[in-house]
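Chains, contacts and geometry: an overview
Read off the chains here:
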Amino acid sequence: MIGSGAAGLAAAITAASRRLRVLVAEKAPQFGGTTAYSGGWLWVPHNHAVRADGFEEPEDAPRMYLRAVLGNQYDDRKIDAYLHAAPRMAAFFAGQTAVKFLPGSSVPDFHGHLPGAVKGGRSMVAAPYDGRELGPLLPRLRQPIPETTLCGMGIAAGADLYHFLHATRTFASFLHVARRFGRHLAQRLRHGRGMQLVNGNALAARLLRSAADLNIGLHENLEAKRLIIEQGRVAGALFNAPHGPCAIRARRAVILATGGFPHDALRQQTLFAHVRAGTPHASAAPMENNGAGLRLGEQAGGQVRADLVDAAAWAPVSLPPRRDGSVGRYPHLIDRAKPGLIAVTADGRRFVNEAGPYHDFMRALFAATPTGRSVAAWLICDFRFLHRYGLGAVKPFPVPKGFYLRTGYLKRGNSLAALAAACGIDAAALADSVATHNADAASGEDRAFGRGGTPFQRAGGDARISPNPCLAPIATPPFYAVKIVPGSLGTFAGLNTDEHARVLDAAGQPVPGLFAVGNDMASIMGGHYPSGGITLGPAMTFGWLAAHFIADHQES
Ligand SMILES: Cc1cc2nc3c(=O)[nH]c(=O)nc-3n(C[C@H](O)[C@H](O)[C@H](O)COP(=O)(O)OP(=O)(O)OC[C@H]3O[C@@H](n4cnc5c(N)ncnc54)[C@H](O)[C@@H]3O)c2cc1C
């Protein structure tokens, strides 16, 4: 197994449960990859967790939705394989390993206006995990992106996040946060870090625990460089190890699970139009994910698909400076839908429904950027918004914001004109955009873009704001802004595979002994983004399928 994210570890655990000998090679000093940074959500229709929560739907409803979103990218074989296997994969992990899930019964699909979309019931999230269960493995687990935590404490989606956003407004929320943070600080003093792992960090931890329970060989600092190919068959790989190069042979198969190419400059040039046009790409995925799996696959005759609608899971990202001089990549997944924020380009005009999915936000920004101009936008809000919800890496009151103001990450102006000047935005157009937005906020209808028009958008808003939970005036100075640049959560374009995750050559034939899973495999969603969890769900499912295929076939 090359790579230790959700895809690699799911495949490794399944293979070991089928009594195959498995080795996981991880290039980074810690396990978990992008998975350990993630929200930990999986889109798995008909999963056991939502069923236990009382959600049932017709067998074919998820297909109807996927057909509507994917259009001509809908691949019957792969979608069928996925929808059939995904709930079985979930039940296997929940029943036989340390991986446990909570139901996403009220997590809506992204495109609520399309046929077959649901308001909840197709997803599940990794249950929080006590890091002490990892024992000596704990320091070997990648930690979350620092800016998405509060002093290293992850905040879980759902009730946990709700309480954090309401800590200064209700006593119950204040108590929840005080208890959580107090426990976190005590654990930091005692163990050097908090022990309540949540979201994707909990998923990676649970996978790691499960792999260790099955005595899988787990090797960090082991970077795959070349495949060993003998008589047309992949027979192992050559690695860079701390003590020098080494060869590891694989009797049955090699599975590529290196998390795609978010930081492969060469492939970005080929597949990302904005990079070709001169705007750098700022993926929030770990720097180690530099496209090695795709290159290894090509070495054996595999083909990288360039025909997906979008080559990556786009996300608006801002670049918060860090105290150690480095720069973070903050993916704006939550703040955009809250009431009292708009996004504008340098011409001061809105270009998108800001409360929509992150992928669609970036599609709209790419489309709104004139040729020759670098792709960027500004998220604009007022004092009340910043105080309540925070903006990007800037946390809500009472967390101090001075560092981000001093470093220029957070721009401030006592008037909209002053803010426009600080950001280099057309002041008259910004004033006009805010005035129109404020009039719409009063009526509850965003006439230009329909903010708050779907269950997904409303779920991301603030339920206590009416008539539209995604709309509130931007009116209380000072005004604030954070700059957004193109980024991603990972990549969609990957190796062409069949429904067993076997890598296919130019003639469409399986390359003997070679599989690709997770973001090394071309996304079955064809470059579309139907719902949260459409990368981790397939990552674990095709890992599970690949391992079963290898176990069932002597020669795979
Ligand atoms: C902030 C954030 C939130 C997200 N939330 C969600 C979510 O809730 N649901 C969802 O579905 N998706 C989410 N995503 C996307 C999701 O995390 C990724 O698509 C997914 O984790 C990819 O899994 P993977 O196993 O393919 O790769 P990864 O988890 O990235 O693992 C790949 C591993 O391979 C290693 N590697 C790389 N090169 C080599 C080499 N040469 N040799 C050995 N090892 C190598 C890497 O170091 C890495 O550890 C999110 C992403 C981000 C950044």
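Presented here is a report on the structure given in the accompanying data block. (Residues numbered from 1 in each chain as written. Predicted model: local features only at pLDDT ≥ 70, side-chain atom pairs only at ≥ 80, totals over all residues. Heavy atoms only, no water.)

A few words now on the overall build of the protein. Assigned secondary structure in the protein consists of 17 helices and 21 strands. Taking 2.2 N^0.38 as the reference for a compact globule, 556 residues should give roughly 24 Å; the C-alpha atoms of the protein span a radius of gyration of 23 Å, in line with that estimate. By the burial criterion, 60% of the 556 residues in the protein qualify as buried. Taking the intrachain contacts of the protein between residues at least 6 apart in sequence as the baseline, contacts between residues at least 24 apart amount to 73%. Counting every atom, the protein has about 21800 Å² of accessible surface; 54% of that belongs to carbon and sulfur. (Helix = DSSP H or I, 4+ residues; strand = E, 2+ residues; numbered from the N terminus. Rg over C-alpha atoms; globule rule 2.2 N^0.38 Å. Buried < 20%, exposed > 50% of the residue type's maximum accessible area, 1.4 Å probe, protein only. Contact = heavy atoms within 4.5 Å. Areas by Shrake-Rupley, 256 points an atom, 1.4 Å probe, with all protein chains shown as cover.)

Put simply, helix α3 (residues 61–70) and helix α4 (residues 76–96) touch, their axes get as near as 11 Å, and they point 140° apart. Relative to α4, α3 is oriented oblique. The chirality of how α3 crosses α4 is right-handed. Packed against α3, whose contacting residues are Pro62, Arg63, Leu66, Arg67 and Leu70, the element α4 presents Asp76, Ile79, Asp80 and Leu83 at the interface. A per-class count over the contact of α3 with α4 returns five nonpolar, no polar and four charged. (Axes fitted to C-alpha atoms, helices over the stretch in contact; angles between N-to-C directions. Parallel < 35°, antiparallel > 145°, perpendicular 65-115°, else oblique. Left-handed = near helix turned anticlockwise from the far one by under 90°. Nonpolar A, V, L, I, M, F, W, Y, C, P; charged D, E, K, R; others polar.)

Bringing the site of the ligand into the picture now. The environment of the ligand is formed by 37 residues, the closest being Glu26, Thr34, Thr35, Thr535 and Leu536. Note that an oxygen atom of the ligand is positioned 2.7 Å from one of the backbone N or O atoms of Leu536. Protein contact buries 97% of the 1000 Å² of open area that the ligand shows by itself. Put simply, the parts of the chain that give the shell around the ligand at least two residues each are α1 (6–17) and β10 (223–230). Residue composition of the shell around the ligand, grouped by class: 16 nonpolar, 17 polar and four charged. (Near = heavy atom within 4 Å. Polar contact = N/O pair within 3.5 Å; in protein donor to acceptor, adjacent residues only side chain to side chain.)

Glancing now at the nonpolar core. Counting residues in each nonpolar core, the largest one holds 136 residues, and the members touching the most others are Phe93, Leu203 and Met540. In terms of residue count, the dominant contributor to this core is helix α17 (residues 536–552) (eleven residues). Each residue touching Leu203, except ones within four places of it in the same chain, is listed here: Ala6, Thr35, Leu42, Val99, Phe101, Ala126, Leu536 and Met540. If you look at the next biggest cluster of nonpolar residues, it comprises 14 residues, including Trp378, Ile380, Ile425 and Ala481. (Core = buried A, V, L, I, M, F, W, Y, C linked by side-chain atoms within 4.5 Å.)

The three strands are arranged β13-β21-β20 in an open sheet whose pairing can be described as mixed. Each having just a single partner strand, β13 (254–256) and β20 (502–504) make up the two edges of the open sheet. On average, each strand axis in the sheet is tilted by 55° relative to the strand beside it, whichever way the strands run. Pairing of β20 with strand β21 (residues 510–516) involves two bridges; the strand directions are antiparallel. (Pairing = 2+ DSSP bridges.)

The next point concerns the side chain of Asp498. Inspection of the secondary structure assignment puts Asp498 in the loop between β19 (479–491) and β20. If we ignore the near neighbours within four places in the chain, the residues touching Asp498 are Lys78, Leu504 and Met521.

Let's shift gears to a nonpolar patch on the surface. Taken together, the side chains of Phe171, Phe174 and Leu175 present a nonpolar region at the surface, about 310 Å² in accessible area. Structurally, the position occupied by Leu175 is in helix α6 (residues 171–191). (Patch = residues over 30% accessible without salt bridge, like charges linked within 9 Å, V, L, I, M, F, W, Y side chains within 5 Å. Salt bridge = Lys/Arg side-chain N within 4 Å of Asp/Glu carboxyl O.)

With respect to burial, β19 is a largely interior element, eleven of its 13 residues being buried. Sheet topology note: the strand β14 (residues 312–318)/β19 ladder contains six bridges and is antiparallel. Across the sheet, Ala315 pairs through a bridge with Gly487, a residue of β19. Of the pairings in the sheet, the one linking strand β17 (residues 377–382) to β19 comprises six bridges and is antiparallel in character. The residue of β19 that forms the bridge with Cys381 is Tyr480. Pairing geometry for strand β18 (residues 410–413) and β19, over four bridges, is antiparallel.

Between its terminal C-alpha atoms helix α15 (residues 427–443) stretches 25 Å, which fits the 24 Å expected from 17 residues at 1.5 Å a residue. Considering only its buried residues, α15 is in contact with β16 (341–344), β17 and α14 (416–423). For α15, the capping residue at the N-terminal end is Asp426, with a side-chain oxygen 3.1 Å from the backbone nitrogen of Ala428. Once α15 ends, the next one or two residues include Gly444, with phi positive near 85°. (Expected span 1.5 Å × (residues − 1).)

Reading across from one edge, β2-β4-β3 is the order of the three strands in this open sheet, with antiparallel pairing throughout. On the outer flanks of this sheet lie β2 (41–43) and β3 (101–104), each paired with one strand and no other. The average angle at which neighbouring strand axes cross in this sheet is 30°, direction not considered. Pairing analysis gives three bridges linking β2 to strand β4 (residues 123–126), with the strands arranged antiparallel. Following the sheet pairing, Trp43 is matched in β4 by Ser123.

Evaluated as defined, the whole model comprises 16 aromatic pairs. Relative to Phe93, the ring of Phe92 lies with its centre 4.9 Å away and its plane at 75°, an arrangement referred to as edge-to-face. There is no split in this pair, since Phe92 and Phe93 are both buried. Taking 5.1 Å as the distance between ring centres and 55° as the angle between the ring planes, the aromatic pair formed by Tyr404 and Tyr409 counts as tilted. Residue classification places Tyr404 among the buried positions, given a relative accessible area of 14%. Just above the ring of Phe403 sits the side chain of Arg323; from NZ or CZ to the centre is 4.2 Å. (Phe/Tyr/Trp six-rings, centres within 6.5 Å; stacked < 30°, edge-to-face > 60°. Lys NZ or Arg CZ within 6 Å of the ring centre and 35° of its normal.)

As a further point, take helix α11 (residues 358–368). Restricting attention to buried positions, one finds in α11 the residues Tyr358, His359, Phe361, Met362, Ala364 and Leu365. Residues of α11 that are buried make contact with β14, β16, β17 and β19.

A few words on the packing of α4 against α17. Between two packed helices, the angle of one axis relative to the other and the distance separating the axes together describe the packing. The N-to-C vectors of α4 and α17 enclose an angle of 85°; their axes lie 8 Å apart at closest approach. As the angle between them shows, α4 and α17 are arranged roughly perpendicular. Here Lys78, Ala81, Tyr82, Ala85, Ala86, Arg88, Met89, Phe92 and Phe93 of α4 lie close against α17, whose contacting residues are Gly537, Pro538, Met540, Thr541, Phe542, Trp544 and Leu545. Classifying every residue of the contact of α4 with α17 by side-chain character gives twelve nonpolar, two polar and two charged.

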